[in-house]
Amino acid sequence: IKDEPLVINNDKTMVYAESFGDFGINFRLRCWTKFDDYWTLYNQLPERVLIAFRSKGIVIPASIDRNVKN
C-alpha cells in the first residue's frame, strides 16, 4: 500500500483483522485517495495485496463447498 501511487495520506492508512472465518481471516483496509481514483484503487488493491502475499510465500486457500455434487 505504501508503494501505491493512488494512495494519499499513507500515515492514515489502516489495516486490521475484521473477522475470522472457517477458512481464513477477513482483513479491512482503509486508505485515502482522490475521488476520481476511488474505483481504480478499489479494483486494483485486492490484486496488489494478493501479489504481495504470494511474493512473501503467503498462500490463500480456496474454500471447498462440500454440498456441491459433481
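Our subject is the structure listed above.
Only a predicted model underlies this, so the values are computations on that prediction, with no experimental measurement involved.

Enquirer: An account of a nonpolar patch on the surface is needed here, citing residue identities and associated values.
Expert: On the surface, Ile1, Val15, Phe20, Ile25 and Phe27 cluster together into a nonpolar patch covering about 520 Å² of accessible area. Among the secondary structure elements, those contributing two or more residues to the nonpolar patch are β1 (14-20) and β2 (25-30). You can see Ile25 is positioned in strand β2.

Enquirer: Kindly report on the packing of aromatic side chains, identifying the contributing residues and their values.
Expert: The relation between two aromatic rings is expressed through the spacing of the ring centres and the mutual angle of the planes. Evaluation of the coordinates by the stated rule reveals three aromatic pairs. Relative to Trp39, the ring of Tyr38 has its centre 4.9 Å away and its plane inclined at 85°; by these criteria the two rings are edge-to-face. Owing to a relative accessible area of 57%, Trp39 belongs among the exposed residues under this scheme. Summarising the aromatic geometry, the rings of Tyr38 and Tyr42 are spaced 5.8 Å apart at their centres and angled 25° between planes, so their arrangement reads as stacked. Residue Tyr38 and its partner Tyr42 are both found in helix α1 (residues 38-55); the two are separated by four residues, about one turn of the helix. Since its relative accessible area comes to 48%, Tyr42 is described here as partly exposed. Among the aromatic residues, ring-to-ring pairing joins Tyr38, Trp39 and Tyr42 into one connected group.

About the thresholds
- Residues numbered from 1 in each chain as written.
- Predicted model: local features only at pLDDT ≥ 70, side-chain atom pairs only at ≥ 80, totals over all residues.
- Heavy atoms only, no water.
- Patch = residues over 30% accessible without salt bridge, like charges linked within 9 Å, V, L, I, M, F, W, Y side chains within 5 Å.
- Areas by Shrake-Rupley, 256 points an atom, 1.4 Å probe, with all protein chains shown as cover.
- Salt bridge = Lys/Arg side-chain N within 4 Å of Asp/Glu carboxyl O.
- Helix = DSSP H or I, 4+ residues; strand = E, 2+ residues; numbered from the N terminus.
- Phe/Tyr/Trp six-rings, centres within 6.5 Å; stacked < 30°, edge-to-face > 60°.
- Buried < 20%, exposed > 50% of the residue type's maximum accessible area, 1.4 Å probe, protein only.

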